Amino acid sequence: MVKNNVNLLIFGSFLGCFFSLKFTFIFCIALIIKLVRLVLRSFTPFKNCSTFDPENFSFGNTFIDHMIICEYENGKWGDVKLVPYGQLPFSPAMMGVNYGQACFEGMKAYKDKDGQVFLFRPEKNFARINKSASRLAMPEVTEEMFIDGLKALVDIDRAWIPQGEGMSLYIRPLIFATEEALKARVSNKYMFAIVATPAKSYYSEPVSVLISDFYSRAANGGVGSAKAAGNYAASFYPTQLAIEQGYEQIIWTDDATHEYFEESGTMNVFVRINDTIYTPPTSEKILDGVTRDSFIQLAKRRCIEVKIEPVAVKTVIEAQKNGTLKEVWGVGTAVVTTVFKALGYNGEKLDLPSLSLEESFALTLQKDLVDIQTNKVEDPFGWRVLVEKNILETA
């Protein structure tokens, strides 16, 4: 009898364990399915895109559904992650905020009339972000992190890229120090991230610019050739002063004498005297702009003479006075081209000619560039990079 009871007890325990394990297994499976659904839902590419109005949005404040992040710790970069766009948990003691170890890039993706998506010269941005990182004592990123990350992000959120004249997706890769420490030294932790916002024409009308005779964007031995975040912060105050004087932007001059053009606002600057284009050479003070280089190559293809040499303020003002100054304009990723209608100098506002598309080198080269970017014409330079569909599924 005791033996039978023991047997029953053992059998009952076995059944109890069996059903307990069964229900535990079922519970675990249900939990896994729920988590998978949650992850898949968070990675749905059109989560917010359904409410996106390409005719009515704010550039720089409207973000696509996803972002790329990758963390650096213990001397190496970790895995690149494609995650839903959102806030990240950082402390006010983060070293990037306190000591300025931060740099970024600006680039665009374009959608043609058939819905194909293209990047434009991404290898140039990859090289430049690493040049900036090196100058700021930050770790360089790999080509796989940068190029493959760009393509994966643009592909999954391609529905966010607006079509039409002047429309694109503005992409912001960046690297910044994340270590939590109030110590003036090189950080041990960093983040590489890529975020993006739909974009439309930045300046639709020509602008007036003030030639600076006091403030400079950069100095010899500084970080002017790096796309360092601090360079932009330092430019805001002088630009504010120019706006208060009735100008939209500022032309930066050299720090030593203020006698030579360097950049304009956040753009590289071009000057046309008669039928020759002049632009300052890149240096440790002047950013090596992708749009700048593209304009130079496009101008040469049209057999327009381009002189890359120091541009003296005195030469430009004299040309305006004698009528040989035809155009002054700025170029950059966000703006593509901004034509200047007046120059402010020594208390005078000097008007510039208003030229048609056929007469303007700036507008002609802009059209040449945008037509290549948006796949309206052949690309003789090999600048366009097609973003294949469903990259993550085929990887």
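What counts, and where the lines are drawn
- Residues numbered from 1 in each chain as written.
- Predicted model: local features only at pLDDT ≥ 70, side-chain atom pairs only at ≥ 80, totals over all residues.
- Heavy atoms only, no water.
- Helix = DSSP H or I, 4+ residues; strand = E, 2+ residues; numbered from the N terminus.
- Polar contact = N/O pair within 3.5 Å; in protein donor to acceptor, adjacent residues only side chain to side chain.
- Core = buried A, V, L, I, M, F, W, Y, C linked by side-chain atoms within 4.5 Å.
- Buried < 20%, exposed > 50% of the residue type's maximum accessible area, 1.4 Å probe, protein only.
- Contact = heavy atoms within 4.5 Å.
- Axes fitted to C-alpha atoms, helices over the stretch in contact; angles between N-to-C directions.
- Parallel < 35°, antiparallel > 145°, perpendicular 65-115°, else oblique.
- Left-handed = near helix turned anticlockwise from the far one by under 90°.
- Nonpolar A, V, L, I, M, F, W, Y, C, P; charged D, E, K, R; others polar.
- pLDDT = per-residue confidence, 0-100.
- Pairing = 2+ DSSP bridges.

1. A few points about the environment of lysine 326
Mapped onto the secondary structure, lysine 326 falls in strand S15 (residues 325–332). Placed 34 residues apart in sequence, lysine 326 and serine 360 show a C-alpha to C-alpha distance of 8.3 Å. Of note is the side chain of lysine 326, whose polar atom sits 3.5 Å from the backbone oxygen of glycine 323.

2. Quick notes on the nonpolar core
Grouped together as the largest cluster of nonpolar side chains are 44 residues, with contacts concentrated most on Trp77, Val141, Phe146, Val154, Ile171, Ile175 and Phe192. Among the secondary structure elements, those contributing two or more residues to this core are strand S1 (66–73), strand S5 (107–111), strand S6 (117–120), helix H3 (122–135), helix H4 (143–156), strand S7 (168–177) and strand S8 (190–199). Broken down by element, this core gets its largest block of residues, seven residues, from H4. Sequence-distant contacts of valine 154, defined by excluding residues within four places in its chain, comprise Ala109, Val117, Leu119, Ile161, Leu169, Ile171 and Val387.

3. Topic: the packing of H3 against H4
Closest axis-to-axis distance for the H3/H4 pair is 10 Å, and the angle between their directions is 140°. Classified by the angle their axes make, H3 and H4 are oblique. Helix-helix and strand crossings are classified by hand; for H3 and H4 the assignment is right-handed. Between H3 and H4, the contacting residues are Pro122, Glu123, Asn125, Phe126 and Ile129 on the first element and Glu143, Phe146, Ile147 and Leu150 on the second. Classifying every residue of the contact of H3 with H4 gives six nonpolar, one polar and two charged.

4. Observations regarding the confidence of the model for the chain
On average, residues of the chain carry a pLDDT of 89, and 87% of them reach 70 or more. Note that residues 1–46 has pLDDT below 50 and, in this model, 18 contacts with residues that lie over four places away or in other chains.

5. As for unusual backbone geometry
Phi is positive for cysteine 303, which is not a glycine, with a value near 65°. The topology assignment puts cysteine 303 in the loop between helix H6 (290–301) and strand S14 (305–308). Backbone geometry at asparagine 375 places phi at a positive 65°, although glycine is not the residue there. Tracing the chain through its elements places asparagine 375 in the loop between helix H8 (361–373) and strand S18 (384–386). According to the relative accessible area criterion, asparagine 375 is partly exposed, its value standing at 27%.

6. As for the side chain of glutamate 327
Within the secondary structure, glutamate 327 is located in strand S15. Looking at glutamate 327, the relative accessible area reads 4%, which means it is buried. Looking at glutamate 327, its side chain comes within polar contact range of the main-chain nitrogen of phenylalanine 361, at 2.8 Å. A distance of 3.4 Å separates a polar atom in the side chain of glutamate 327 from the backbone nitrogen of alanine 362.

7. Details of the pairing of S6
Covered by surrounding structure in S6 are Val117 and Leu119 together with Phe118 and Phe120, the residues of both alternating faces. The pairing of S5 with S6 spans three bridges and is classified as antiparallel. Following the sheet pairing, alanine 109 is matched in S6 by leucine 119. Counting the residues that bridge the hairpin from S5 to S6 gives five residues, and of these glycine 115 lies at a positive phi of roughly 85°.

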